[in-house]
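# Chains, contacts and geometry: an overview
If you want the building blocks of each chain, they are given just below.
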There are 2 protein chains.
Amino acid sequence: MATEITSKDNATVKAAAKLMNSAKERRQQQRFIAEGVRLCMEALENGCEICELLYTEDAYLRYNESISKLEEAAKQCYLITEEIADKIADTVTPQGVFVVCAMKHMSISLEKIKTDGQYILLENLQDPSNIGAIFRTAEALGLDGAFLTTDCCDPFNPKAMRASMGALFRLPYLVVGDAVKTMGDLKARNMRPIASVPDDTVTKIVSVRFFRGAIMCIGNEGKGLTEKLKNVCGERVTIPMNGRAESLNAATAAAILMWEMVRNYA
Amino acid sequence: MATEITSKDNATVKAAAKLMNSAKERRQQQRFIAEGVRLCMEALENGCEICELLYTEDAYLRYNESISKLEEAAKQCYLITEEIADKIADTVTPQGVFVVCAMKHMSISLEKIKTDGQYILLENLQDPSNIGAIFRTAEALGLDGAFLTTDCCDPFNPKAMRASMGALFRLPYLVVGDAVKTMGDLKARNMRPIASVPDDTVTKIVSVRFFRGAIMCIGNEGKGLTEKLKNVCGERVTIPMNGRAESLNAATAAAILMWEMVRNYA
């Protein structure tokens, strides 16, 4: 049975809203909050530990089947008002369903990296929609996983989660504190980190023969990869373009780079 | 000199808000409204006819240089209040600058199509962000232009314009009432319309040799291309994938298809 909450000042409500709004809070608590019936179900179906389920009466009636499943899995269930849903929500017209999940077991360890796999590394990516879109594309194209530097936008940011369409719950990923050291270690294990740069003078991506065991490194939206990360990579590649190269969106550039990694295996 | 407007019920304000919110209004008036200093400047620099400029005092102080240039080009200038800017704006925190532009000369005629060019056709695409992103990528990759069916989302939708990053003002495009007839006509002029479909049994895009004079047809986000459009196309191609094919975003799929069209020329 769900516990009813009617006050916006309730501690559970405040904690949920904080998880929605603050990456720091998510990191400290090692929890995240997913919004909307589709994302909540993705979390459930992909084995996330569901600590809390919050829903409005209206949502219960509309998404009865899904909410019943979520209820079975959730440790705690709360019936909330529309006003509370608005307070917690990141969207303008919330569906009124939320789950608070534990982050544990979601990121993988370095030992789990397949040295014959194909990976991306995102360095200091700041736009949550880009992070989410890149996760979605990486999964769709069958990449083995993603590395994120600690200065990237939090992938559990609500916008990132929505853009990933649940790929965040499925694509193996690893947050790395020292990307240069990690890439160095993986090079020693015969992997091949590759720096993608907007630079006409380097190897065109179309002339690269991709083998398995590659890590495509993608830098910040404005500044690109740091010098030290470029230096640890053995090679630099670029997307040759006839048009206005500078105007390719970061997630689109990443999609073309990932596509080139897999196109000969597809 | 700018005319001052202080009432939200002023006719100019109401007309501007209507242009922002209604595709029908834009079509009837053959005008559109661009918001934000960057997009307004893109409109100016790409030769759009600027009928009206509206700005707040705050915007005038902050973007003085740009607004001065816009003032020179605009037929009418209005100084508006923050409250009015909020009423007109599509964004949550508006910059307080808007231009109303004439649509004339923005779309091209069928005669202007280069039969040795490379084009995309979008059929019944509904998400404005997808339309904008596809325009942006098409321009970045150096495609020659885009066809849009009349049932596509209006490219002058504010979200589409923002996602296009001004590409809408630069990429030649043509709205077609009867896409089947148009593709038939272009086939008769030796062009090659190609249907992109999510279907494992058709030709993989990686095995297609692209020549100039091709039109890649991309369908609705959920339903894909209509049968009649698929039938008029000589060939069907698909993006082969190792991962979860169905989860590739429409704009990302379009980016990969367009990239395959140009990669051998890049």
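From a predicted model like this one, the values you see are computed outputs, not experimental measurements. (Residues numbered from 1 in each chain as written. Chains lettered and ligands numbered in written order. Predicted model: local features only at pLDDT ≥ 70, side-chain atom pairs only at ≥ 80, totals over all residues. Heavy atoms only, no water.)

## Considerations on the overall build of chain A
- What chain A contains, in helices and strands, is eleven helices and twelve strands.
- Relative to a compact globule of 266 residues, whose C-alpha radius of gyration would be 18 Å, chain A shows 20 Å and is just as compact.
- Taking all 266 residues of chain A together, 56% fall into the buried category.
- Put simply, 79% of the contacts in chain A that link residues at least 6 apart link residues at least 24 apart.
- Total accessible area on chain A is roughly 11600 Å²; 47% of this is exposed by carbon and sulfur atoms.
- In chain A, 32 side chains carry a positive charge and 34 a negative one; their mean positions are 6 Å apart. (Helix = DSSP H or I, 4+ residues; strand = E, 2+ residues; numbered from the N terminus. Rg over C-alpha atoms; globule rule 2.2 N^0.38 Å. Buried < 20%, exposed > 50% of the residue type's maximum accessible area, 1.4 Å probe, protein only. Contact = heavy atoms within 4.5 Å. Areas by Shrake-Rupley, 256 points an atom, 1.4 Å probe, with all protein chains shown as cover. Lys, Arg positive; Asp, Glu negative; His and termini not counted. Charge placed at Lys NZ, Arg CZ, Asp CG, Glu CD.)

## Topic: the confidence of the model for chain A
- Summing up the model confidence of chain A, the mean pLDDT is 93 and the portion of residues at 70 or higher is 98%.
- Both scores are given for the predicted complex: the pTM is 0.91, the ipTM 0.89. (pLDDT = per-residue confidence, 0-100.)

## Overview of unusual backbone geometry
Residues and elements named next belong to chain A.
- Unusually for a residue other than glycine, Q30 sits at a positive phi of about 55 degrees.
- Along the chain, the position of Q30 falls in the loop between α2 (23–29) and β2 (31–35).
- When its relative accessible area of 40% is taken as the criterion, Q30 is described as partly exposed.
- Positioned with a positive phi, N190 is a non-glycine residue whose angle comes to about 70 degrees.
- Looking at the element boundaries, N190 is found in the loop between α9 (179–188) and β9 (192–196).

## Here's the deal with the relation of the copies chain B and chain A
- Once turned by 180 degrees and shifted 0.0 Å along the axis, chain B lies on chain A with an RMSD of 0.0 Å. Here the symmetry operator amounts to a two-fold rotation axis.
- The overlap is high: 100% of the interface residues of chain B also sit at the interface in chain A, so the same surface is used on both sides. (Least-squares fit on C-alpha atoms with pLDDT ≥ 70 in both.)

## Describing the environment of A17 of chain B
Residues and elements named next belong to chain B.
- Residue position: A17 is located in helix α1 (residues 11–21).
- Given the relative accessible area of 8%, A17 is considered buried.
- C-alpha of A17 to C-alpha of L248: the two residues are 231 residues apart in sequence and 35 Å apart in space.
- Excluding its chain neighbours within four sequence positions, the residues that come into contact with A17 are K87 and I88.

## Details of the interface of chain B and chain A
- With 29 residues of chain B in contact, the opposing surface of chain A contributes 29 residues.
- Carbon and sulfur atoms supply 55% of the area that chain B and chain A bury against each other, a total of about 2600 Å² over both sides.
- Among the residues chain B hides against chain A, the three largest losses belong to A140, W259 and R263 of chain B. Together they make up 22% of the total.
- Salt-bridge contacts for E260 of chain B lead to R263 of chain A; the nearest nitrogen and oxygen are separated by 2.7 Å.
- Where chain B packs against chain A, one counts four residue pairs in polar contact (both at pLDDT 80 or more).
- The dominant element in the side of chain B that touches chain A, judged by the number of residues it contributes, is helix α11 (residues 250–262) of chain B, at six residues.
- When its residues are assigned to classes, the side of chain B that touches chain A shows 15 nonpolar, seven polar and seven charged. (Buried area = accessible area lost by both parts, 1.4 Å probe. Salt bridge = Lys/Arg side-chain N within 4 Å of Asp/Glu carboxyl O. Polar contact = N/O pair within 3.5 Å; in protein donor to acceptor, adjacent residues only side chain to side chain. Nonpolar A, V, L, I, M, F, W, Y, C, P; charged D, E, K, R; others polar.)

## Let's talk about the sheet that holds β9 of chain A
Residue and element names in this part refer to chain A.
- If you trace the seven strands from one edge of the open sheet to the other, you get β8-β7-β6-β11-β9-β12-β10, paired in parallel fashion. Two strands in the sheet have a free side with no partner beyond their single neighbour: β8 (173–176) and β10 (203–204).
- With four bridges connecting them, β9 and strand β11 (residues 214–218) associate as parallel partners. Within β11, the residue paired with I194 across the bridge is M216.
- Set on the sheet, helix α7 (residues 128–140) makes contact with β6 (118–122), β7 (145–149) and β8; between it and β6 the angle comes to about 175 degrees.
- Contacting β6, β7, β8, β9 and β11, α9 runs over the sheet at an angle of about 145 degrees to β7. (Pairing = 2+ DSSP bridges. Axes fitted to C-alpha atoms, helices over the stretch in contact; angles between N-to-C directions.)

## A short note on the packing of helix α3 (residues 37–45) of chain A against helix α5 (residues 64–73) of chain A
All names here are of chain A.
- Contact geometry for α3 and α5: axes closest at 10 Å, N-to-C directions at 40 degrees. On the basis of the axis angle, α3 is oblique to α5. Considering the relative orientation of α3 and α5, their crossing is left-handed. For the pair α3 and α5, contact is made by V37, C40, M41 and L44 and by S66, K69, L70 and A73, respectively.
- In terms of residue class, the contact of α3 with α5 is made up of six nonpolar, one polar and one charged. (Parallel < 35°, antiparallel > 145°, perpendicular 65-115°, else oblique. Left-handed = near helix turned anticlockwise from the far one by under 90°.)

## A look at the side chain of T149 of chain A
All names here are of chain A.
- Summarising the element assignment, T149 is placed in strand β7.
- Classification of T149 as buried rests on a relative accessible area of 7%.
- Within the local environment of T149, its side chain forms a polar contact with the backbone nitrogen of N124, the two atoms lying 2.9 Å apart.
- Looking at T149, its side chain comes within polar contact range of the side chain of D151, at 2.5 Å.
- Discounting chain neighbours no more than four positions away, the residues touching T149 are L121, L122, E123, N124, V175, V176 and A179.

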